Amino acid sequence: GSDFFTGTVIDNTTGKIVAVLKHEKDETYYTRQIYCLGKYYNTALIGLEVNYSTYPTKMLAEEYEYPNLYVREKEDDFTGRTDKKYGFRTDRDTRPLILAELQRIMYEEIEKITDIEILKEALTFIKNEKGRPEAQEGSHDDLIMCTAITYYIRNQQDRKIKTETKLKQEDDFFEFTQEKLSTDYGENIVVI
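Note that the coordinates shown come from a computational prediction; the quantities given were computed from them, not determined experimentally. (Residues numbered from 1 in each chain as written. Predicted model: local features only at pLDDT ≥ 70, side-chain atom pairs only at ≥ 80, totals over all residues. Heavy atoms only, no water.)

## A short note on the nonpolar core
General note: in soluble globular proteins, nonpolar side chains tend to be found buried as a group.
And then number 1: Ranked by size, the top nonpolar core spans 19 residues in total, and within it I98, L102, I113, I118 and Y151 carry the most contacts.
And then number 2: Counting residues per element, this core draws most heavily on helix α5 (residues 142-153), which supplies seven residues.
And then number 3: If near-sequence neighbours (up to four positions away) are discounted, I98 is found in contact with F88, T90, M145, A148, I149 and Y152.
And then number 4: Listed in part, the twelve residues of the second largest apolar core include V9, A44, I46 and L60. (Core = buried A, V, L, I, M, F, W, Y, C linked by side-chain atoms within 4.5 Å. Buried < 20%, exposed > 50% of the residue type's maximum accessible area, 1.4 Å probe, protein only. Helix = DSSP H or I, 4+ residues; strand = E, 2+ residues; numbered from the N terminus. Contact = heavy atoms within 4.5 Å.)

## Side note on the pairing of strand β2 (residues 17-23)
And then number 1: In this structure, strand β1 (residues 5-10) lies alongside β2, joined through six bridges in antiparallel fashion. Of the residues in β2, the one forming a bridge with G7 is L21.
And then number 2: Taking the residues between adjacent antiparallel strands as the criterion, β1 and β2 are bridged by six residues, where G15 takes a positive phi near 80 degrees. (Pairing = 2+ DSSP bridges.)

## Observations regarding the environment of L143
And then number 1: Secondary-structure assignment places L143 in helix α5.
And then number 2: Given a relative accessible area of 0%, L143 falls into the buried group.
And then number 3: Taking the C-alpha atoms as reference, L143 lies 8.9 Å from L21; in sequence the two are 122 residues apart.
And then number 4: Setting aside chain neighbours within four positions, we find L143 in contact with T6, V20, L21, K22, D115, E117, I118 and E121.

This is the structure in structure tokens:
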């Protein structure tokens, strides 16, 4: 069958999956849903695979002006200049890396994988006769690949919670009003 449109959201401080999106509608609907998920989860980093279509990533960047998109970097072999583009490209170099990290998480930190559909896909994710990891015939690996990308790109976003702390001004510590001055603070002290 055809591929699903998928998205996996993780709590970047713990690595635990907190939301999963999976549907077969269309790219426009998918882009809107991903945008909403990103905004709902504190303007989360969004890194969509751009192998087959760049439309969702382009819409997020240009139309919706989403402020936190994954940026991949590639060094030009000739000029040495680093080229930056939005979105994740799964290729012969990146595929083994993202799958190895997901495999490590499934072996060592399985409690982070909280979605049953991802776990079901993992059960049918095999090595084919050429040794390439993929979904067995008749199964899907859309959530596996999506989740692998999510864990791989998470380093482009902070893993610590940012909190705003308001420091009290010095005047706040010594703020005396008429009401405070009329309050009884104990015995009078006589200085000799």
